[in-house]
Amino acid sequence: MRLRQKSLLVICLTLAGLMAFLCVTSNQILLNSYSSLEEQEVGKNIDRAKDAFAAELNTINATAGDYAGWDDAYAFIENANKEFIKKNLADSAFANLKISLMLFVNSSGHIVYAKSVNRLTGTASPFPQSFLRQITPDNPLVHHRDTGGSVSGIVTLPEGILLLASRPILTSEFRGPVRGSLIVGRFLDAQEIDHLQKTTHLSLMMLPLDHAQKRPDLRQASSLLADGTKPLLVRPINSERIAGYTVLKDVYGKPALLLRVETARDILGEGRATIRFFMLSWILIGTVFAIVFLLLLDKLVISRLGNLSKGVADIGIDSNFTGRVSTTGNDEIRDLACAINGMLDALSQAQANLKFHALEADAANQELESFCYSVSHDLRAPLRHINGFSQALIEDCLESLDEQGRSYLRRICAATDRMGALIDDLLDLSRVSRKEMRHETVNLTEMACSIMEMFRDTAPLRKVAFKSKGDIFVTGDRNLLRLVMENLLGNAWKYTSKKDEAVIEFDSMIKDGEQIIFVRDDGVGFDMAYCDKLFMPFQRLHNESEFEGTGIGLATVQRIINRHGGRIWAEGDVGKGAVFYFTLPLSVPIS
């Protein structure tokens, strides 16, 4: 992913996280605040509805006071004058006063007069018998202890909810003694509720508590408020409407009426609109910020880094360390460009030094090669003469020599042969370091099998078991790797020659994610105290009289393995054999 894409991704993720955080916090804080304000507003509406309800009760109470504090009523409670009824208690009077019933009760608790009028038709209607049954001498509605007493409230009847007021019957000067009680009532019908809604500008519902508990939508609210522990309950109806509930008590102090005030959720709607505006504003601000930030980042950082990267890439493609990158500005990017130019200066100087040393090395290698061929030629000529004359003496004069002379001649011939082999090994060792390598895929197992067949041809009577489980393919120089296998397998063949039946194993294993190839034998082995001498030229751990050799083979093997980028080591035990391990980084085991 490019730096520009990463920057855009980081900014987008940051803005998205910020928006999510703001959304959560605004909903938790702002909406909770608006919900609290909404509940407070619903509570205020409940209070307004209760105040309007109380005002209606005060109106009824005032009407009852006007009639109860009147000499004519004071006399009527004693003589039940029909003229008083005709003049003052006509049906039209009830309609004008907006009342539903009047009840005159004397001080003994006996009903003197009772009348009920249907407010819709304006005609007399049967007086509610359920209310008459409640009128007993000990009822607070008819039991006024002093002249200033009054009772107002509601009474729940089967016929409906009755708003009423009770005042003591007194003279026009409001003096006693109290001759009885006047009860004035108004049914809380649809007309009355509509009047209250128009007065308060609220949507109201008033139901007897027992009726409300029968409705599923009101059952929970009425149950929670019936015990009186909660004066007010606010519940949302849906996303657009909310309702507040409270219970009004009757004149006896018992929960009787469920009052519900329903209003629109304007406050919460304003809160949501405010949050939407707030979020849109932040999105707009964040988008503008992101665009401006990206433009500045692109101009001040990304584009300059891109130019710097392109300059370095061009220099790397051309391998021209004399080129330099542009150094503009006065910041860390300029410091980086200067550091790169400094590194290029050092690389250019190192490249020049390397070329110089390479030329020196080539010249030295050429001189060394010439020297090696010269030494080889100059040493071989006298060796051939010595060997040739020694062979002539053996062929022509052997019988004239005694046994000691013959021994001397055989030693001279063996020494010249050994000297020739040593010269050949030294030349091979020098060629290993100078020979150009050709990499190809080589099957080491197949190569090992062919080498072992060659050894068997030289000693067909030896009993040697060769074990190899699967093909081992590597990448390297075939000729050099053959030298490795010939030396390692040749050592195993040589150092098991004292055994009647020998075992030589060639295989590989995986250890710590690395393939290790090994050659194992059960020959004479070696003492691990001298393992550091194994790969040193001319160092031998066994006497030449026991096992022939020049001591150059393992040094050659180590040099070849090192040139391939691998490593070699050995483990052994005297009389129990030896194992030579080596690694080749590009080796691939194939079963």
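Overview of the structure. (Residues numbered from 1 in each chain as written. Predicted model: local features only at pLDDT ≥ 70, side-chain atom pairs only at ≥ 80, totals over all residues. Heavy atoms only, no water.)

1. Points about the overall build of the protein chain
Rules: Put simply, DSSP H or I for four residues or longer makes a helix, DSSP E for two residues or longer makes a strand, and each gets a number counted from the N terminus. Should any heavy atoms of two residues lie within 4.5 Å, those residues are counted as being in contact. Using the Shrake-Rupley algorithm and a 1.4 Å probe, accessible areas are obtained, with residue cover drawn only from the displayed protein chains.
Helix and strand counts for the protein chain come out as 14 helices and 18 strands. For the protein chain, contacts bridging at least 24 residues in sequence account for 63% of all contacts bridging at least 6. Accessible surface, the protein chain as shown: approximately 33600 Å² in total, 56% of it carbon and sulfur.

2. Focus on the nonpolar core
Short version of the rule: We call a set of buried residues a nonpolar core when its members are Ala, Val, Leu, Ile, Met, Phe, Trp, Tyr or Cys and they connect through side-chain atoms within 4.5 Å of each other. Partly exposed describes any residue whose relative accessible area lies between the buried limit of under 20% and the exposed limit of over 50%, with all areas from a 1.4 Å probe on protein chains only and scaled to the type maximum.
Membership of the largest hydrophobic core comes to 40 residues, with the highest contact counts inside it found for Phe53, Leu89, Phe104 and Leu188. Beyond its immediate stretch of four places on either side in the chain, Leu89 contacts Tyr67, Phe84, Phe94, Met102, Phe104, Tyr113 and Lys115. Judged by nonpolar contacts, the second largest core, of 38 residues, contains Met447, Val474, Phe535 and Ala570.

3. With respect to the environment of Trp70
Inspection of the secondary structure puts Trp70 in the loop between helix 1 (3-68) and helix 2 (71-79). Along the backbone, Trp70 and Phe174 are 104 residues apart, and their C-alpha atoms lie at a distance of 7.8 Å. Discounting chain neighbours no more than four positions away, the residues touching Trp70 are Phe84, Asn88, Leu170, Thr171 and Ser172.

4. Description of the pattern of salt bridges
The following threshold applies: Each reported salt bridge corresponds to a side-chain nitrogen of Lys or Arg within 4 Å of a carboxyl oxygen of Asp or Glu.
One pass over the full model with this rule turns up 18 salt bridges. For Arg119, the salt bridge identified is with Asp189, shortest N-O distance 3.8 Å. In this pair, Arg119 sits in the loop between strand 2 (111-118) and strand 3 (123-125) while Asp189 sits in the loop between strand 6 (180-187) and helix 6 (190-200), placing the two residues 70 residues apart along the sequence. Given a relative accessible area of 24%, Asp189 falls into the partly exposed group. The network of salt bridges with shared partners includes Glu56, Arg119, Arg186, Asp189 and Glu192.

5. What about the sheet that holds strand 14 (residues 501-511)?
Heads up, the rule is: When DSSP finds two or more bridges between two strands, those strands count as paired. Axes here mean lines fitted to C-alpha atoms, for a helix over just the part in contact, with angles spanning 0 to 180 degrees between N-to-C directions.
With mixed pairing, five strands are arranged side by side in an open sheet as 12-14-15-17-16. The open sheet has two edge strands with one neighbour each: strand 12 (463-467) and strand 16 (567-573). When strand polarity is set aside, the average angle formed by the axes of neighbouring strands in this sheet is 15 degrees. Along the sheet face, helix 14 (residues 553-563) touches strand 16 and strand 17 (577-583) and points at about 140 degrees away from the line of strand 16.

6. Concerning unusual backbone geometry
For the peptide bond that leads from Gly176 to Pro177, omega is 10 degrees, which places it in the cis range. With respect to the secondary-structure elements, Pro177 resides in the loop between strand 5 (160-168) and strand 6. With a phi angle near 60 degrees, His201 is a residue other than glycine that sits in the positive phi range. Note on placement: His201 falls in the loop between helix 6 and strand 7 (203-208).

7. So, the packing of aromatic side chains
Put simply, the rule is: Each Phe, Tyr or Trp ring, with Trp reduced to its six-membered ring, pairs with another whose centre is within 6.5 Å; inter-plane angles below 30 degrees give stacked pairs, above 60 give edge-to-face pairs, and intermediate values give tilted ones. Lysine NZ or arginine CZ positioned within 6 Å of the ring centre and within 35 degrees of the ring normal marks a charge as sitting over the ring.
What the rule picks out here adds up to 12 aromatic pairs. Ring centres 5.4 Å apart and planes at 55 degrees place the aromatic pair Trp70 and Phe84 in the tilted group. Pair noted here: Trp70 is in the loop between helix 1 and helix 2 and Phe84 is in helix 3 (residues 82-88), with a separation of 14 residues, a long-range link. Overall, the relative accessible area of 25% leaves Trp70 in the partly exposed class. Ring centres 5.8 Å apart and planes at 25 degrees place the aromatic pair Phe289 and Phe293 in the stacked group. Of the two residues, Phe289 and Phe293 both sit in helix 9 (residues 266-318), four residues apart, roughly one turn of that helix. Overall, the relative accessible area of 36% leaves Phe293 in the partly exposed class. Aromatic rings pair up to connect Tyr67, Trp70, Phe76, Phe84, Phe104 and Tyr113 into one cluster. The cationic tip of Arg462 hangs over the ring face of Trp493; the distance from NZ or CZ to the ring centre is 4.3 Å.

8. A look at helix 8 (residues 216-226)
Put simply, the rule is: Directions drawn from the helix axis to the C-beta atoms are what define this arc.
Taken together, the buried positions of helix 8 are occupied by Leu218, Ala221, Ser222 and Leu225. In an axial view of helix 8, the angular spread of the buried residues amounts to 100 degrees, which keeps them on one side of the axis. Exposed positions of helix 8 whose direction lies more than 90 degrees from the buried face are Pro216 and Gln220. Looking at the buried positions of helix 8, the neighbouring elements they touch are strand 7, helix 7 (209-212), strand 8 (233-236), strand 9 (241-249) and strand 10 (255-264). Phi for Gly228, located one or two positions after helix 8, is positive at around 80 degrees.

9. Observations regarding the side chain of Asn443
Which entries qualify depends on this criterion: Polar contacts here mean pairs of N or O atoms no more than 3.5 Å apart (in protein, one a potential hydrogen donor and the other a potential acceptor; neighbouring residues in sequence count only if both atoms are side-chain atoms).
For Asn443, the position within the fold is in strand 11 (residues 440-443). Using a relative accessible area of 12% as the deciding quantity, one classes Asn443 as buried. At a separation of 3.1 Å, a polar atom in the side chain of Asn443 contacts the main-chain amide nitrogen of Thr445. Of note is the side chain of Asn443, whose polar atom sits 3.2 Å from the backbone nitrogen of Glu446. With sequence-adjacent residues up to four places away left out, Asn443 is seen in contact with Asp471, Ile472 and Phe473.

10. Describing the packing of helix 12 (residues 444-458) against helix 13 (residues 478-495)
Rule in force here: If an angle is under 35 degrees, it is roughly parallel; if it is over 145, roughly antiparallel; if it lies from 65 to 115, roughly perpendicular; otherwise it is oblique. Left-handed describes a crossing whose near helix is turned anticlockwise from the far helix by less than a right angle; the clockwise case is right-handed.
Running from amino to carboxyl end, helix 12 crosses helix 13 at an angle of 50 degrees, the nearest separation of the two axes being 10 Å. One finds that helix 12 runs oblique with respect to helix 13. The two elements helix 12 and helix 13 cross, and the hand of that crossing is right-handed. Contacts between helix 12 and helix 13 pair Leu444, Met447, Ala448, Ser450, Ile451, Met452, Phe455 and Arg456 from the former with Arg478, Leu481, Arg482, Met485, Glu486, Leu489, Gly490 and Trp493 from the latter.

11. With respect to the environment of Lys98
Structurally, the position occupied by Lys98 is in the loop between helix 4 (91-97) and strand 1 (101-106). Taking the C-alpha atoms as reference, Lys98 lies 7.4 Å from Arg119; in sequence the two are 21 residues apart. Other than its neighbours up to four places away in sequence, Lys98 contacts Arg119 and Arg186.

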